[in-house]
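Here is what each chain is made of, one letter per residue.
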Amino acid sequence: MSERPHDDRAQTGVDPGADDPEPSGRRTFLKLAAGAAGGAALAFAGAPFARYASGLSMEDILQRHYKELTDADKQALFARIEGQTKARYGVDVKLHDPQPIPGVRYGYALNLSVCIGCRQCSEACHKENNHDRASHNSYIRVFEMEKGRMDLARARADYDHPVPMPERTYQPVQCHHCEHPPCVDVCPVKATWKEKDGIVVVDHGWCIGCRYCEAACPYHARRFNWSAPEIPAEDINPNMGYLSNRIRPQGVMEKCTFCLHRTRVGKLPACLEACPAGARVFGNLADADSEIRWVLANKRTYVLKEEHGTEPRFYYFFST
Amino acid sequence: MRRPVQTQREGLHAAEGLRGQGVGGPTGAGWTRLLLLTVWIGGLGAGCANSGGEAAAPGDIQASDAPRFATEVELPQRDLGFRTGKFDRDGHPVIVGCVTCHRLIGANKDNTLAEQLSRFHVGAKVTHGNLTCRSCHNPPRYDEFKLVTGRTVPYAEVMELCGQCHSRQRADYEHGAHGGMAGYWDLTRGPRQRNHCIHCHRPHDPRFRQVRPAPRPRYRGLEESTVHQEQWHGEGKLHAHGQAPAHGPKGGSHE
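Anyway, here's the lowdown on the structure attached to this text. Given the structure is predicted, the values throughout are model-derived calculations rather than measurements. (Residues numbered from 1 in each chain as written. Chains lettered and ligands numbered in written order. Predicted model: local features only at pLDDT ≥ 70, side-chain atom pairs only at ≥ 80, totals over all residues. Heavy atoms only, no water.)

1. Observations regarding the sheet that holds strand S2 (residues 106-111) of chain A
Backbone hydrogen bonds are what pair the strands of a sheet, in a parallel or an antiparallel way.
Residues and elements named next belong to chain A.
Stage number 1. The strand order across the open sheet formed by 4 strands is S10-S2-S12-S11, and the pairing between neighbours is mixed. On the outer flanks of this sheet lie strand S10 (280-284) and strand S11 (301-302), each paired with one strand and no other.
Stage number 2. Judged from the 5 bridges that link them, S2 and S10 form a sheet pairing that is antiparallel. Note that in S10 the partner of leucine 110 across the bridge is arginine 280.
Stage number 3. Contacting S2, S10, S11 and strand S12 (314-317), helix H11 (residues 291-298) crosses the sheet at an angle of about 115° to S10. (Pairing = 2+ DSSP bridges. Helix = DSSP H or I, 4+ residues; strand = E, 2+ residues; numbered from the N terminus. Contact = heavy atoms within 4.5 Å. Axes fitted to C-alpha atoms, helices over the stretch in contact; angles between N-to-C directions.)

As structure tokens, this is what we get:
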């Protein structure tokens, strides 16, 4: 009776065919095929990481926190970002780093009696701050709600009809630059902080994109860059601030910065200039003669979610 | 009720939405005259700033002695008159000054309302409350307007006329809380441009029209939830052809 190797294997569980001259073709083929398929699946799953990493240089990874940068560090950093922007978007830009003006604490007020919900503020922010064009992103969301209710929980920001609709109220919301910002408290890496002039800023090069601040903000003013913004070269605003409207990379948080690249040189924010109803008032809360102080002293004013104790520096008021 | 902003500037119409040209600085068109009302605004503003009653708070800065840039308010139209709808070879609108005709033609004293005009200005629409023509106009001097005190103001100072009845808006305007602005919040660093009343408010027919808003955002988290579906059932959704649903006290159309 001839020896049949597979019978022995079945009885003892040991393969006596170690010196079998003919390896099992089917089994090996299946192993190799499965291995190749698994490798391909792994490569496919890792492709987003490869794409993400290809945009990072070693300097990006080793970049230090903004507060630790010397002037020379900043110059090198800004030059690198300008080069990356040129390579990616095809436009020459200039990164600035305006410092807070001494003796200034910014405040912003918005007149709900005249806001018509036209979203020109949101549009101006979209253009000024180099937002992604496809999603029409902006730091400002304008809410529409039933008149008299002021019920933001039932408001909608994606209305698409002529405005103002009768029996509707409109309320734009953006970062309030709170005096006690929850987003600053929860950031695990201190990538966001409140500056001397009151602006809450984000170091986009230090942010790790954990989105904890987005969860902590009571006003949902902070948003995550799920992808790098896509903007045509001719639409890019080349006048950039490192802490404000530089084109944010994928994977970091962003929010309204009171247009600090404009306001820290004394200009009005873009949203204020765009408002056709003249609803917005901006200025220095530490200046008793400023327009914002006059509004706070003479108009019915309130803030959102006062019970949270955030003390926003963005106020809403009424004409009468 | 909300009133959409109407702009007087050429070429801008409500249906396009408003780009903020109404708040912008000089258009660059040669037919606008730059009018410096720094003294007017500055003087009144300074007088009113401390009368608002805001006490100096701890932490307030001292008022700066640095020289301040000007706040400019320009008239929307260089000359007083009505636009013919035609344009000259530079593209500027051709305006017929009031005195062109009224130097020869006197005013018909029997006409008090715009509807009564039968020979000229036919079709003029005046929907400004209960005002009549002579509430503001001052025949035979059509380049001036009369105030309730009997004093007249030239066209360049017509904001004072508006401010008589709309004194609350005028006070808000002087304090920067009405009418918007462009330029610098910090006047020690740069100038500022303000609107004239009639940039946004048409004197004869001031009622605002609806505008089309800028495009809505389309990012994650803003999709309509079921809560929104229930809440806005049948109201906020776009109807066919993008028309807004009929609302309003008489269910009538929007103008």
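2. Let's talk about helix H2 (residues 25-45) of chain A
Stage number 1. Over its 21 residues, H2(A) runs 30 Å from end to end, which matches the ideal 30 Å to within 8%, given 1.5 Å per residue.
Stage number 2. In terms of residue burial, H2(A) counts as a barely covered element, since only 0 of its 21 residues are buried. (Expected span 1.5 Å × (residues − 1). Buried < 20%, exposed > 50% of the residue type's maximum accessible area, 1.4 Å probe, protein only.)

3. A few points about the packing of aromatic side chains
Stage number 1. Counting across every chain of the model gives 15 aromatic pairs over all chains.
Stage number 2. When the centroid spacing of 5.3 Å and the interplanar angle of 55° are considered together, the rings of A:Phe314 and A:Tyr316 count as tilted.
Stage number 3. An aromatic cluster is built from A:Tyr106, A:Tyr108, A:Phe258, A:Phe282, A:Tyr302, A:Phe314, A:Tyr316, A:Phe318 and B:Trp185, whose rings are joined through pairwise contacts.
Stage number 4. Over the aromatic face of A:Tyr159 sits the side chain of A:Arg119, whose NZ or CZ is 4.0 Å from the ring centroid.
Stage number 5. Directly above the aromatic system of B:Tyr173 lies the positively charged group of B:Arg194, at a separation of 4.3 Å from the ring centroid. (Phe/Tyr/Trp six-rings, centres within 6.5 Å; stacked < 30°, edge-to-face > 60°. Lys NZ or Arg CZ within 6 Å of the ring centre and 35° of its normal.)

4. What to know about the environment of A:Gly103
Stage number 1. Within the secondary structure layout, A:Gly103 lies in the loop between strand S1 (94-96) and S2.
Stage number 2. Since its relative accessible area comes to 37%, A:Gly103 is described here as partly exposed.
Stage number 3. When neighbours within four sequence positions are excluded, A:Gly103 is seen to be in contact with A:Asn284, A:Ala286 and B:Ile61.

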